[in-house]
Amino acid sequence: MQNWGQAVSEAAKTGDDIKSEEYNVRCKDGSVRNIIISGTTIENNFMATFIDITERKQMEEEYRTIIRTALDGFWLLDKNGNILDVNDAYCQLSGYSREELLSMHISDLEKKELGEETKKHIQKVIEIGYDRFESFHKCKNGTIIAVEINATYSSSGNNRFYVFIHDITERKQSEEKLKASNQQLQASEQQLKAANQQLMASEQVIRESEEKYRALAENSVDSIFMIDKKFRVVYVNEYGARQFRTSKQDIIGKKVAELFPKQNAEKQLASLKKVFTDKQILHSEEVTSFPGGIVWLETKLIPVFDEEKNVKFVYGISSDITDRKKAQDQVKESQEKYQNIFDHSPVSIWDEDWTEVIKSIDKLHKEGVKDFKEYFEKHPDFVSEILKKVKVINVNNETLRMFDAKTKEEMLYSLETVFATPDTLPGFIGELIALSEGKELYKTEMSLRKVNIELINVLLTMTFPPKDSGSGRVLVSLMDITERKKAEEELKKKYQELEAFNSMAVGREKRMIELKKKINELNRELGKEDAFDLSFVATEKNRS
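Heads up: these notes are all about the structure in this document.

Conventions used here
- Residues numbered from 1 in each chain as written.
- Predicted model: local features only at pLDDT ≥ 70, side-chain atom pairs only at ≥ 80, totals over all residues.
- Heavy atoms only, no water.
- Helix = DSSP H or I, 4+ residues; strand = E, 2+ residues; numbered from the N terminus.
- Buried < 20%, exposed > 50% of the residue type's maximum accessible area, 1.4 Å probe, protein only.
- Axes fitted to C-alpha atoms, helices over the stretch in contact; angles between N-to-C directions.
- Parallel < 35°, antiparallel > 145°, perpendicular 65-115°, else oblique.
- Contact = heavy atoms within 4.5 Å.
- Nonpolar A, V, L, I, M, F, W, Y, C, P; charged D, E, K, R; others polar.
- Pairing = 2+ DSSP bridges.
- Core = buried A, V, L, I, M, F, W, Y, C linked by side-chain atoms within 4.5 Å.

Some points on the overall build of the chain
Part 1: Summing up its helical and strand segments, the chain has 20 helices and 18 strands in all.
Part 2: Expressed as a percentage of the 544 residues in the chain, the buried residues total 43%.

Some thoughts on the packing of helix α15 (residues 380–387) against helix α18 (residues 425–436)
Part 1: For the pair α15 and α18, interaxial distance at closest approach is 11 Å and the crossing angle is 85 degrees. Between α15 and α18, the crossing angle belongs to the class labelled roughly perpendicular. Contacts between α15 and α18 involve Val383, Ile386 and Leu387 from the first element and Leu425, Phe428, Ile429 and Leu432 from the second.
Part 2: Considering only residue class, the contact of α15 with α18 consists of 7 nonpolar, no polar and no charged.

Regarding the environment of Arg132
Part 1: Secondary-structure assignment places Arg132 in strand β6 (residues 130–138).
Part 2: Since its relative accessible area comes to 47%, Arg132 is described here as partly exposed.
Part 3: With 18 residues separating them in the primary sequence, Arg132 and Asn150 have C-alpha atoms 4.6 Å apart.
Part 4: Apart from residues no more than four positions distant in its own chain, Arg132 is found in contact with Glu148, Ile149, Asn150 and Val221.

Remarks on the sheet that holds strand β11 (residues 282–290)
Part 1: Strands sit in the order β10-β9-β13-β12-β11 across an open sheet of 5 strands; the sheet is antiparallel. Edge strands, defined here as strands with exactly one partner in the open sheet, are β10 (233–236) and β11. Each strand of the sheet is rotated relative to its neighbour by a mean of 30 degrees, with strand direction disregarded.
Part 2: Relative to β10, strand β9 (residues 223–228) runs antiparallel, the two being bridged by 3 bridges. Among the inter-strand pairings, Met226 is bridged to a residue of β10, identified as Tyr235.
Part 3: Helix-sheet contacts for helix α11 (residues 262–278) involve β9, β11, β12 (293–305) and β13 (311–320), and the interaxial angle to β11 is about 155 degrees.
Part 4: Together, β11, β12 and β13 form the strand contacts of helix α12 (residues 322–344), whose direction differs from that of β12 by roughly 125 degrees.

Concerning the nonpolar core
Part 1: Of all hydrophobic cores here, the largest spans 41 residues; its most connected members are Trp350, Trp354, Phe376 and Phe428.
Part 2: For this core, the element with the most residues is α18, which contributes 6 residues.
Part 3: Setting aside anything within four residues of it in sequence, one finds Phe376 in contact with Ile361, Leu364, Phe382, Val383, Ile429, Leu432 and Ile433.
Part 4: Val86, Met104, Ile122 and Val163 belong to the second largest nonpolar core, which has 24 residues in total.

What about the sheet that holds strand β8 (residues 160–167)?
Part 1: Spatially, the 5 strands line up as an open sheet ordered β5-β4-β8-β7-β6, and their pairing is antiparallel. The outermost strands of the open sheet, each flanked by one partner alone, are β5 (83–86) and β6. Each strand of the sheet is rotated relative to its neighbour by a mean of 30 degrees, with strand direction disregarded.
Part 2: In this sheet, β5 lies alongside strand β4 (residues 73–77) in antiparallel orientation, the contact comprising 3 bridges.

Shown next as structure tokens:
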């Protein structure tokens, strides 16, 4: 860079103008100031203008730090939805490089909205000026992530959109887990028991003017603040001030100990001291008290260095994760309730993983197999091999009692434990046929073997996951009907004995009637009266 003094001297001699350029000017006290210098010749007099922009440059650098280290992704868009700038956080989130993203339109990433819908949404934000909504984005590797979008449109300057992208995939997964747990609980209560079935990470970099960086920070849905070595607040954004139910002006200049209750303040100060001392980024999750109530905060503290590499400030971002914590607690409570029902059910319950079995059956479908019963009968080796692919994940206490098992490990080893002999294997084949036919509920009676090889009869009910659900979890309930089957066999035997006895008695009675008929006929031939009254035989015959 040409020395600013030389530039002014040469312009004064030649009469040329000096275009506005930035120069580093060393002052008398040794400090260096950022100066914009311009000049022109007026009537043989050279006039130069010096504008000190040092404070503005420092402010820009502070805001660059804020954007660069923020937790959420960021886009800068033109009014047509083309990406003009993007931060590292979104690059990391999406898997695309910065160069790839700068050549893309938001519709290339948007999963929820089609092209025309995206255009309409852009126009809506232009008309209203701001919108906050949830959507889904496509990552480079094909993964779909859930995001929360905060878009602000600025009509001043170059008509730009400032967009924050917040990854809510973990929260959505927690919500889905809670929903699945509730469904499992309901299914378990209705059928005697069973049922089927993270948030923030990002950092940002952006290069823009003071106004743009301020807009980004002030429109963030996270608390953004900066603390000096005396633990005083030197900056806080609007969202952070709202948590204290006051204005930014009332917070800036105050010490941390003045803002929080004693216990919270001590933890905050300990974390800040650690960052100032260790010069390392610090993450934490903790309960914090505000005038509006108690919330869970996820906080990231980042050291900001001076020219000597000493920590000058600690920059912080705090996100309210209260909803996520509540969802996690609800999921845990539902899981504990489900597990309690599972363990203490009076019916034998098996939680099994049929993922590999389902893959094998799907493969047979693709190969054109239609008659699965015939296929299984002709391929016993396939049945034996696929039996080993069923993973028993868990069984309840009633299962241990029913099968005379001392520990769960005896039952979790393999389904071969209960389908141990050829006379029980048809039961498993029946399950495979039900799966191959697309049934989601299968009921039947079958024979199984206890751990000690004793044969028992059971009533089986099992639920398969819906087709194309991606799940391989199968829930099985068993009811021991061995005594009932024995009683049925005994009753059948007694009935057969009764039939035989009845048949014998009826035959004897018929022979006696025939004998009496012969005697009567002989008496008639001898001119005697009938010895036996057989009129009842004729009467019975007429009735029949």
